[in-house]
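# Summary of structural features
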Amino acid sequence: MYYTFQQRLAHVVLTILAWAFAYSIFGVIRLYGIDELPHIASVGTLDLNAFILQLLLAAVITGILYGSVDIILDRPEIQRLPYGVILSTRIILHILTVLAVLVVLIYSRVRLGIVREGYFDSGMPVMPGRIIFNKSFYVFVMFFGIVISILDFYQQVKHKFGRGVFFDMLLGRYHKPKESERIFMFIDLRSSVSLAEQLGHILYSNLLQDCFFDLNTQLNRYDAKVHQYVGDQVVLHWKLKNGLRRYNCVHCFFGFLDRLEKRKAYYLNRYGLVPYFKAGAHTGRATVAEVGLHKRELAFHGDTVNSTSRIHDFCNKYNQRMLISKNLYDLVSGDRTLQFISIGDQVLKGKNKSMELFGVKRKSDESSIVASATSQETETKGKTKTGSLR
């Protein structure tokens, strides 16, 4: 998926910290009680400062390599591969990364406290085979095999539930309903019924898969989270701070449209059309609660969610790609790259009070349309002149 530089850096830093914790536990396990074993060198003969420095160095190297593998494998073209292939590749590369770090460190005579004193001072050459076929090395492999499994499990859980959701459920934060300030966005495919009839159910489902995948490539970049998929519709949400940072709650939709435009040739070639999506967004307080016993998930209830859905329904009536409420407009109107068009007060379905709605466009889109039209006009005039000369 697509990440900002800050997100990639944060991932690598967190990975380094995770491995520093793992190496620390491993160091404690290997040294604890060593003084009571007569055939093992006393821990007092070790330079603990150097030992800790070596563990930190190993953590930094492992974290950078391990985190880089995650970032490389999270590319969109790789994520389209079967899940089993991705998981197997991830595990193999992670294991090779950790083993390579260990072999290099030991082979370079950097002591991690996992070999017997004098092991390399027996007069025999230090060979990789002697390092690998060693009981201490087996202990290392077993311990860090468990660490790799835990980290990869967490990665998969994060993909399944979304960033932060798993820990919220694990800690029981929403076991009892709570109110939270959120921004919601409903996105769906226009003319979905006619498209399903035109393409057939299988090809139509493939179309939705492709579209939702393209949408997902933008979520991390704009700090968006998926609430749910319903048919041809996706519901996104943000905490207020995350949604207003760089106006993510608006630009996420336009990032999705840009992605569809870049893959225009693909959609035309496979489906004979370019999917047209529209969106409605609103902000307010919503109730968050953990629901279900099987396939548990966090659910949002309340007027804000219902109003967002109703706002989205006005897109077709006023021929707008994106509509937002007055509440959200007051928070994002400072973005000078956007153009807002008031469509007046509207009475939402099931509501007694009206709400002012605003259409949203990017000024750059307006400029590109004008430039394209000017270019076509110039080209037409040129052809006309050429024809008259002939």
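How each quantity is defined
Residues numbered from 1 in each chain as written. Predicted model: local features only at pLDDT ≥ 70, side-chain atom pairs only at ≥ 80, totals over all residues. Heavy atoms only, no water. Helix = DSSP H or I, 4+ residues; strand = E, 2+ residues; numbered from the N terminus. Contact = heavy atoms within 4.5 Å. Axes fitted to C-alpha atoms, helices over the stretch in contact; angles between N-to-C directions. Parallel < 35°, antiparallel > 145°, perpendicular 65-115°, else oblique. Left-handed = near helix turned anticlockwise from the far one by under 90°. Nonpolar A, V, L, I, M, F, W, Y, C, P; charged D, E, K, R; others polar. Salt bridge = Lys/Arg side-chain N within 4 Å of Asp/Glu carboxyl O. Buried < 20%, exposed > 50% of the residue type's maximum accessible area, 1.4 Å probe, protein only. Pairing = 2+ DSSP bridges. Core = buried A, V, L, I, M, F, W, Y, C linked by side-chain atoms within 4.5 Å. pLDDT = per-residue confidence, 0-100. Polar contact = N/O pair within 3.5 Å; in protein donor to acceptor, adjacent residues only side chain to side chain. Phe/Tyr/Trp six-rings, centres within 6.5 Å; stacked < 30°, edge-to-face > 60°. Lys NZ or Arg CZ within 6 Å of the ring centre and 35° of its normal. Patch = residues over 30% accessible without salt bridge, like charges linked within 9 Å, V, L, I, M, F, W, Y side chains within 5 Å. Areas by Shrake-Rupley, 256 points an atom, 1.4 Å probe, with all protein chains shown as cover.

### Remarks on the side chain of H227
With respect to the helices, strands and loops of the structure, H227 is situated in strand β2 (residues 225-230). Once you skip the residues sitting within four places of it in the chain, H227 turns out to touch V235, L236, H237, L298, A299 and F300.

### A short note on the packing of helix α8 (residues 192-199) against helix α9 (residues 201-219)
At a closest axis distance of 6 Å, the pairing of α8 and α9 adopts a crossing angle of 125°. Comparing their axes, α9 and α8 come out oblique. The interaxial crossing formed by α8 with α9 has right-handed handedness. Here S192, L195, A196 and L199 of α8 come into contact with α9, specifically with H201, L203, Y204 and L207. By residue class, the composition of the contact of α8 with α9 is 6 nonpolar, 2 polar and no charged.

### Some points on the pattern of salt bridges
Two side chains with opposite charge may pair up if their charged atoms get near one another. For the structure shown, the criterion picks out 10 salt bridges. The residue D330 makes a salt bridge to K326 at a minimum N-O spacing of 2.9 Å. Of the two residues, D330 and K326 are both situated in helix α14 (residues 326-332); the distance of 4 residues between them amounts to about one turn of the helix.

### Quick look at unusual backbone geometry
With phi around 55°, Y247 is a residue other than glycine that occupies positive phi space. Residue position: Y247 is located in the loop between α10 (240-244) and α11 (248-262). If you check the backbone angles, N319 has positive phi at about 50° while not being a glycine. For N319, a relative accessible area of 58% corresponds to the exposed category.

### Some thoughts on the pairing of strand β1 (residues 178-189)
Residues in a regular strand project their side chains so that they alternate between the two faces of the sheet. Counting buried positions along β1 gives 9 out of 12 residues, so the element sits mostly inside the fold. Pairing analysis gives 7 bridges linking β1 to strand β3 (residues 233-239), with the strands arranged antiparallel. The residue of β3 that forms the bridge with R182 is K239.

### Some words on the packing of α9 against α11
Where α9 contacts α11, the axes come no closer than 9 Å and their chain directions differ by 130°. When the axis of α9 is compared with that of α11, the two are oblique. Note on packing geometry: the crossing formed by α9 with α11 is right-handed. Across from C211, F213, D214, L215, T217, Q218 and L219 in α9, the residues of α11 making contact are C252, G255, F256, R259 and L260. Here the contact of α9 with α11 is built from residues that sort into 7 nonpolar, 3 polar and 2 charged.

### Some thoughts on the nonpolar core
Judged by nonpolar contacts, the single largest core of 41 residues is most densely connected at M185, I187, L207, L236, F253, M322 and I324. Element by element, the count of residues in this core is highest for α11, at 8 residues. With residues near it in sequence (within four places) discarded, F253 still touches M185, I187, F277, K278, A279, R321 and M322. In terms of nonpolar packing, the next biggest core, distinct from the first, is built from 17 residues, L55, A58, A59 and Y66 among them.

### A short note on the side chain of Q320
By the secondary structure assignment, Q320 is in the loop between α13 (303-317) and β6 (322-325). Look at Q320 and you get buried, because its relative accessible area is 11%. Not counting chain neighbours up to four residues away, the residues in contact with Q320 comprise K278, C315, G359, V360 and K361.

### Observations regarding the confidence of the model for the protein chain
Per-residue pLDDT for the protein chain has a mean of 79; in total, 77% of the residues score no lower than 70. Long-range and interchain partners of residues 39-44, a stretch whose pLDDT sits below 50, account for 9 contacts in this model, where long-range means more than four residues apart.

### Thoughts on the environment of K363
Tracing the chain through its elements places K363 in helix α15 (residues 363-389). For the pair formed by K363 and T337, sequence separation is 26 residues and the distance between their alpha carbons is 5.7 Å. A polar contact is formed between the side chain of K363 and the backbone oxygen of R336, at a distance of 3.1 Å.

### Considering the packing of aromatic side chains
In this structure the tally under the stated criterion is 17 aromatic pairs. Note on F26 and F144: the rings are 5.4 Å apart at their centroids and 50° apart in plane angle, and the pair reads as tilted. Highlighted residues: F26 in helix α1 (residues 5-31) and F144 in helix α6 (residues 135-161), separated in sequence by 118 residues. Neither residue differs from the other here; F26 and F144 are each classed as buried. Here the aromatic rings of F143 and F144 are separated by 4.9 Å at their centres, their planes lie at 85°, and the arrangement is edge-to-face. Note on accessibility: F143 and F144 belong to one class, buried. Taken together, the ring pairs connect W19, Y23, F26, Y66, F143 and F144 into an aromatic cluster. The residue whose ring lies beneath R190 is Y276, and the NZ or CZ to ring-centre distance is 3.8 Å. Geometry around Y266 places R263 over its ring, the cationic atom sitting 4.4 Å from the centre.

### Regarding a nonpolar patch on the surface
There is a patch of nonpolar side chains on the surface, built from F5, L9, V13, L14 and L17 and spanning about 530 Å² of accessible area. Note that L17 resides in helix α1.

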